[in-house]
Every structure is written in C-alpha cells, then in structure tokens.
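Listed below, chain by chain, are the residues.
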Amino acid sequence: MARPKKQEFSLAEKLQKLREAGLNEPPTEPADELRPLPERIKDMLNIVQSEPVKATDMTYLIMYDITSDKVRNLIAKYLERQGCIRIQMSVFIARSEARNFQAICDTLNEVNNYYENQDSILLVPVNTSDVRSMKVIGKALQIDIITDKPNTLFF
C-alpha cells in the first residue's frame, strides 16, 4: 500500500494545530543550532554588499522574544524559508521587496494573535550603510575589515 502524500501546512495552520494540541507541552525537538559565526557573517555580508539594489528592496532586522519553544522554532523555520539570514538565535536579517516585508509582518502578527502571550516581535527596517557600520563584540572578529570594501592601490 502506498504511503499517503505528505500534507503541507502553512505557518498559521501549524500554529492552529499546536494551539489545539496545547502549546505548553515540553518541546519535541531541540532548538536549532547556530552555524559558525564566520558563515553567518558571510551570509549577512552577501545581503548588505550585493549590488545593484532595486528601489523596491529594503533591508530589515527581525528580532523576537517568544516563550514557547514550539512557536519559536516554527517562526525561525518560517523566516529561513522566506530567505531571512539567522545572525543570532532570535535575530534575523533580510533584504527583500517591501511587499515581502509586509507579508512577513502580517504573518507574524497573525501568529502572535493565535494564542494568549506576552511575546514580542520586532521588524526594523535598516539602512544598508548602518548595517555596514556595525561592530561585533565578544568574538575575535573585525567586522569593519569585512564590511568595508578595500581601498588598496597597487603600483
């Protein structure tokens, strides 16, 4: 007998099913592991240094403080599917068209309204030059060397 076709659910449908099943159960899967910092920085730099930039594109940060492990993991997976780059456990950076930014915002707002919570989700548009001027504290990395284009003249 053939296995039934795997059914795909939207993020909202997954959250509805979790709500019906009870969100306060212990997590069934471990929290996602972060990739090594140099890899995350390389991905982030691909966003801020890629050219040319369309007039409808925007760069933005998404940050959240979500208490439920299940909801937090679903949101992280959703953001990764939307092309967002995870730079810390609860911080993502992305560059996309403004309408995609609004779609992500609407989806996250819908998720937040599905259950009673004290969670917070921030979507912050940022200027690319502001991202280029960021500093990393706590690791032996000089981000300004990576983010600034070299100004070397050879004779």
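Residues numbered from 1 in each chain as written. Predicted model: local features only at pLDDT ≥ 70, side-chain atom pairs only at ≥ 80, totals over all residues. Heavy atoms only, no water.

## So, the pairing of strand β3 (residues 91–97)
A regular strand places its side chains so that they alternate between the two faces of the sheet.
Consideration 1: Of all the seven residues making up β3, six are buried; the element is thus mostly covered by neighbouring parts of the structure.
Consideration 2: The pairing of strand β1 (residues 57–65) with β3 spans seven bridges and is antiparallel. Following the sheet pairing, I62 is matched in β3 by F92.
Consideration 3: As judged from the three bridges shared by strand β2 (residues 85–88) and β3, these two strands associate in the antiparallel manner. (Buried < 20%, exposed > 50% of the residue type's maximum accessible area, 1.4 Å probe, protein only. Helix = DSSP H or I, 4+ residues; strand = E, 2+ residues; numbered from the N terminus. Pairing = 2+ DSSP bridges.)

## Overview of the sheet that holds strand β4 (residues 120–126)
Consideration 1: Judged by pairing direction, the sheet is antiparallel, and its four strands sit side by side in the order β2-β3-β1-β4 without closing on themselves. A single partner strand is all that each edge strand has here, and the edge strands are β2 and β4. Strand-to-strand, the axes of this sheet are offset by a mean angle of 25 degrees, without reference to chain direction. (Axes fitted to C-alpha atoms, helices over the stretch in contact; angles between N-to-C directions.)

## Observations concerning the environment of L15
Consideration 1: Along the polypeptide, L15 turns up in helix α1 (residues 11–21).
Consideration 2: Relative accessible area serves as the criterion here: at 3%, L15 is assigned to the buried category.
Consideration 3: For L15 and E110, which are 95 residues apart along the polypeptide, the C-alpha to C-alpha distance reads 9.9 Å.
Consideration 4: Once residues lying within four places of it in the same chain are set aside, the contact partners of L15 are V71, L74, V111 and Y114. (Contact = heavy atoms within 4.5 Å.)

## What about the nonpolar core?
Consideration 1: Judged by nonpolar contacts, the single largest core of 24 residues is most densely connected at L15, I62, I75, L79 and I104.
Consideration 2: The set of elements that each furnish at least two residues to this core consists of α1, β1, α3 (69–81), β3 and α4 (98–113).
Consideration 3: No other element matches α3, which puts six residues into this core.
Consideration 4: Ranked by size, the runner-up nonpolar core spans ten residues in total, among them I41, M44, I85 and V131. (Core = buried A, V, L, I, M, F, W, Y, C linked by side-chain atoms within 4.5 Å.)

## Considerations on the environment of A98
Consideration 1: Here A98 lies in helix α4.
Consideration 2: In this structure the C-alpha to C-alpha distance between A98 and P125, which are 27 residues apart in sequence, comes to 9.9 Å.
Consideration 3: Residues contacting A98, with those up to four places away along its chain left out, are T56 and M58.

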